Amino acid sequence: MEKQCDVCENTLKIDAWGNGTCKKCGWNNDKYSTSYPNAINPPNFISLNQAKRYFKLGKSFLPTYPQFLNLVKRGFDFTFKFEGKKISIISS
Ligand SMILES: [Zn+2]
């Protein structure tokens, strides 16, 4: 099945649950984000409405520092590279 990306309106393939990643803008389309456009739910790290604003401005879909900390508080773990080092943040 296919649908239009909620952010950039590019056509993308979706799975049986209605989920699919847009190859044009990188947004992870899911029904949760469509139903709650101001909520943040991984794998997206910003809300749908924020992603729409960022896309128009040409900004990447990265969370603000407070949004990132909020995701850590909610129990999400992160691994990323910073200055060549692998860094993991794991909630305990
Ligand atoms: Zn898109």
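Residues numbered from 1 in each chain as written. Predicted model: local features only at pLDDT ≥ 70, side-chain atom pairs only at ≥ 80, totals over all residues.

## Structural notes on the overall build of the protein
- Check the secondary structure of the protein and you find three helices and six strands.
- Reading the secondary structure of the protein in the N-to-C direction produces β-β-β-β-α-α-α-β-β.
- With 92 residues in all, the protein has 17% of them scored as buried.
- Put simply, 19% of the contacts in the protein that link residues at least 6 apart link residues at least 24 apart. (Helix = DSSP H or I, 4+ residues; strand = E, 2+ residues; numbered from the N terminus. Buried ≥ 20, exposed ≤ 12 C-beta atoms within 10 Å, placed from the backbone. Contact = placed C-beta atoms within 7 Å.)

## Structural notes on the domain arrangement of the protein
- For the protein, the assigned domains read domain 1 (1-59) and domain 2 (62-92).
- Relative placement of domain 1 and domain 2: their C-alpha centres are 21 Å apart.
- Listed by partner, the interface residues are four residues for domain 1 and five residues for domain 2.
- Broken down by class, the residue content of the side of domain 1 that touches domain 2 amounts to four nonpolar, no polar and no charged. (Domains from an automatic or database assignment. Nonpolar A, V, L, I, M, F, W, Y, C, P; charged D, E, K, R; others polar.)

## Focus on the pairing of strand E5 (residues 78-82)
- In terms of burial, E5 is largely open, as just zero of its five residues are buried.
- The sheet contact formed by E5 and strand E6 (residues 85-89) spans five bridges and is antiparallel. The residue bridging phenylalanine 78 from the neighbouring strand is isoleucine 89, located in E6.
- Here E5 folds back onto E6, and the loop between the two strands holds two residues, one of which, glutamate 83, carries a positive phi near 50°. (Pairing = 2+ DSSP bridges.)

## Observations concerning the nonpolar core
- Grouped together as the largest cluster of nonpolar side chains are ten residues: Cys5, Val7, Leu12, Cys22, Cys25, Trp27, Ile46, Leu48, Ala51 and Phe55.
- Counting residues per element, this core draws most heavily on helix H2 (residues 48-57), at three residues.
- If near-sequence neighbours (up to four positions away) are discounted, phenylalanine 55 is found in contact with Val7, Cys8 and Cys25. (Core = buried A, V, L, I, M, F, W, Y, C linked by C-beta atoms within 7 Å.)

## Thoughts on the environment of serine 35
- For serine 35, the position within the fold is in helix H1 (residues 31-35).
- Sequence spacing of serine 35 and aspartate 77 is 42 residues, and the spatial spacing of their C-alpha atoms is 25 Å.

## Structural notes on the environment of cysteine 5
- Note that cysteine 5 resides in the loop between strand E1 (2-4) and strand E2 (11-13).
- In this structure the C-alpha to C-alpha distance between cysteine 5 and phenylalanine 55, which are 50 residues apart in sequence, comes to 12 Å.
- Discounting chain neighbours no more than four positions away, the residues touching cysteine 5 are Asn10, Leu12, Cys22, Lys24, Cys25, Trp27 and Asn29.

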